[in-house]
Every structure is written in structure tokens, then in C-alpha cells.
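For reference, the chains in residue letters:
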Amino acid sequence: MRNNDKEKINAQRRQIMKYSMLTLGGVALSGMLGSPAAWAADDEILIGYWPIVGGLPLYVGIEKGIFKQAGLNVRAVKFASPQQVVEAMITGRIHGCANGTATGAMGLGAITSPDLFKIICSNPSNEEMVLDEFLVPVNSTAKSIRDLKGKRIACGPGIQNVTMAKIILEKNGFSDTKVIELPVGQHAPSLATGQIDGVYTLEPTGTVARMKGMGKVLETGVISKYVLGDASAPWFGGAAALTSHFIKADPARAKQLIDAYGDAVKFIQQQPDEARQYVAGYTGIEAALVKEVPLPGFVMYDQLTGTNLQWFQKFYDVFTERKIFSQPLQVESLIYRA
């Protein structure tokens, strides 16, 4: 075989592995690792999270004692990416995930392992309920995303972040949509040191960058505007879920957890200023800056109907159109119904 043919095949293999991480890793290990109970101490319920603002209901539920008051021993398990959270559900290491877990990654997990989870809450964002944003260095002269053509653009890790970043760039006239994947904790420092010229990221990165003079916000609500086509539309980019295995194996405790999670969401909605403080302990933001952090919305499963459901479905349809999903997914089938 000629060298160039070998290189082509190897490149194809690397690409397949990149987009099949959930499938290959999850299926290979799922039979070996057993149920979440094997990984939890006593009666612990393990909930995975990615350290962004979206996970606030989990943080509040633990720190305010809401779960404990419901008789539940909930432990938060931190992961470096949404993909790792989903893989942990596939492999049976956790009972569920917190808000902020990328719904694109969750969709891939649902295709890999049908009936893997049921969504109990989602965290919509848009230009007013800020979560997603584009940042640039403090000294950048860019006035719009279009001004970043030919520049070094980064995004968070994983297929959802990469796909969204590329669509945003396309909609702003970019012909070259290559992006650099970086852990969210590196976004602001990379802007400050000049390693990148722009980044698609999620809160609290924008707040950290702005307050520490490491970068500035160029535009917020970019997914609603450029991907969904309506800046005020709710983008359901993150969600909390419980594994179907846990719901079926222990329906009473699962329902208790869902109700308690709903109480945490109500607390955030009624007392956002007090709730905001718990972002500090679970994300990269310092306590002194939490008052500046914008909060996304939170919608429980019984509100994922009507137009909410339609916008959520439209987001999933993007992944099908882009052939990230190997088959269409109906959001309704993934939502918990009491």
C-alpha cells in the first residue's frame, strides 16, 4: 500500500474515533462496570456535572440542603467535558447528570444506548438569559464576529461546542470554519496571552474574562441568533437527566430526586441573587465575582411542551441535518413524564 493511501486511511480512522467516542467507549465498558450502586457509597446518588453555570440546580440542591431534606444523599461528580458525563451514564458509573450537560452529547448517547436516560430539566438560554457567548481579547478591534475572519477561533471541547462554533462562523460568512478545542478554563487565559483571537464559550467564562481584564464579550445569545434563527428563541443546549436504569430500579427515590431538583429550580427562580453564590464552589469563578454572573433559565420536564418542545426539537434537527446524529431523534421520547 502506498504511503499516501496509508495516511488517508489513518486520517479517516482518527476522524471516526473522534466522533464515535461515546459509541466505542460506552458499549465496550457498559457490561463490565455494572450499576451506579457499585460506585456509590451506601445510599449515595451520583450526579455528574460539567463545571459551568448551567449546573446551578445541582449546586443549590446540595449546598442548601434541599436534597438532604428530601431524605436523599446526593453527591456531585465533576467531569472535564459533557462527553465524559454521558459516557459515565452509559457505563453505569453515575445515576444521572446535572443541567449544563450538552444535549448534543446526550443525543449521541441516546443513539448509542437507546433508553439511556430521561430528561428532568433543561436550561434554555438566549440573548437575555445569557449562557453562550463569543469573547475576544480586551484590545481587539472586532465589532462583530465577521471581523474575526482569518483569526484563530477556539471553542469548548466536544462535538456540540465544535458544531455550534462552526455554524456560527458559517452564518457570519466564514469559508474556513476550523476551530481549536480548549477546556473552558483555558478560554480567558488564552485570550489574555494572545494565543487565540476569539472564542465561543459559556458562562461563567465571559464574566471571569471581563472582570479580570482578560477579554471582553463580543456577542451573547449566539446559538439562538445564528443556529435557531431567532435571538429570543430558547436554546435548550443543556439538560439534567436520570438514567432509565435508575428510574426503573428505584422509582420512589427517583421521583423524590426529581421533585427535590424542582425545588432547587424554584429557589433559583425566586431568589437568584442568593442562589448565584453557589456557582463559585463548583465552577472556575471566584466568590467575589459571582454577583456579576448571568443565569440561564431552567425549565422542568412538565414545561417541556408546546413551543419549548418545538425549539428543543429544532436544535436536535440541526444535528441530524449535519449528520452528527446517525438517525433523527424525537425529543419527546427523551423527556421524563410522571
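Attention here is on the structure that accompanies the text.

Definitions and limits used
Within each chain, residues carry numbers counting from 1 in the order of the written sequence. Local features in this predicted model are restricted to residues whose pLDDT is 70 or higher, and side-chain atom pairs enter the listing and the counts only when it is 80 or higher, whereas totals over whole chains, interfaces and linings include all residues. Computation of side-chain values covers all heavy atoms of the structure but excludes hydrogens and water. The pairing criterion for strands is at least two bridges between them, as found by DSSP. Numbering of helices and strands starts at the N terminus; helices are DSSP runs of H or I of at least 4 residues and strands are runs of E of at least 2. A contact between two residues is defined here by any heavy atoms of the two lying within 4.5 Å. Whenever a helix is involved, its axis is fitted only over the stretch in contact; in every case the axis is a line through C-alpha atoms, and angles between N-to-C directions fall within 0 to 180 degrees. Here, nonpolar core means buried Ala, Val, Leu, Ile, Met, Phe, Trp, Tyr and Cys residues that are tied together by side-chain atoms lying within 4.5 Å of each other. The buried label goes to any residue with under 20% of its type's maximum accessible area, the exposed label to any with over 50%, and the partly exposed label to all in between, with areas taken from a 1.4 Å probe on protein chains only. Salt bridges are defined by distance alone: a side-chain nitrogen of Lys or Arg within 4 Å of a carboxyl oxygen of Asp or Glu. Side-chain rings of Phe, Tyr and Trp, where Trp is taken by its six-membered ring, are said to pair if the distance between their centres is within 6.5 Å; with planes under 30 degrees apart they count as stacked, over 60 as edge-to-face, and otherwise as tilted.

Let us now look at the sheet that holds strand β10 (residues 238–243). The strand order across the open sheet built from six strands is β2-β1-β3-β10-β4-β11, with neighbouring strands paired in mixed fashion. Strands with a single pairing partner mark the edges of an open sheet, and in this sheet they are β2 (73–78) and β11 (299–300). Inspection of the sheet shows strand β3 (residues 96–102) paired to β10 by four bridges, in the antiparallel sense. Bridge assignment links Gly-96 to a residue of β10, and that residue is Leu-242. Contacting β1 (44–49), β3, β4 (117–122) and β10, helix α5 (residues 82–90) runs over the sheet at an angle of about 155° to β3. Strands β3, β4 and β10 of the sheet are contacted by helix α6 (residues 103–112), whose axis makes an angle of about 130° with β3.

Another aspect to go through is the nonpolar core. Of all hydrophobic cores here, the largest spans 107 residues; its most connected members are Leu-56, Ile-119 and Tyr-200. Sort the elements by how many residues they give to this core and helix α12 (residues 251–270) lands first, with nine residues. Membership of the second largest hydrophobic core comes to nine residues, among which are Leu-182, Ile-196, Val-199 and Met-214.

For the structure shown, the criterion picks out 13 salt bridges. Its salt-bridge partner being Arg-276, residue Asp-273 comes within 3.0 Å of it at the nearest N-O pair. Of this pair, Asp-273 and Arg-276 both sit in helix α13 (residues 272–276), three residues apart, roughly one helical turn. Since its relative accessible area comes to 64%, Asp-273 is described here as exposed. Each of the salt bridges in this network shares a partner with another, and the network as a whole consists of Asp-115, Lys-118 and Lys-248.

Moving on, we get to the packing of aromatic side chains. According to the stated counting rule, one finds 12 aromatic pairs in the structure shown. Relative to Phe-315, the ring of Trp-235 has its centre 5.8 Å away and its plane inclined at 80°; by these criteria the two rings are edge-to-face. Taken together, the residues Trp-235 in the loop between α10 (222–227) and β10 and Phe-315 in helix α15 (residues 306–321) connect sequence positions 80 residues apart. Its relative accessible area of 0% is what places Phe-315 among the buried residues. With a centroid separation of 6.5 Å and 35° between ring planes, the pair formed by Phe-315 and Tyr-316 is classed as tilted. No difference in accessibility class separates Phe-315 from Tyr-316, as the two residues are buried. Through a chain of ring-to-ring contacts, the aromatic side chains of Trp-235, Phe-236, Phe-312, Phe-315, Tyr-316, Phe-319 and Phe-325 assemble into a single cluster.

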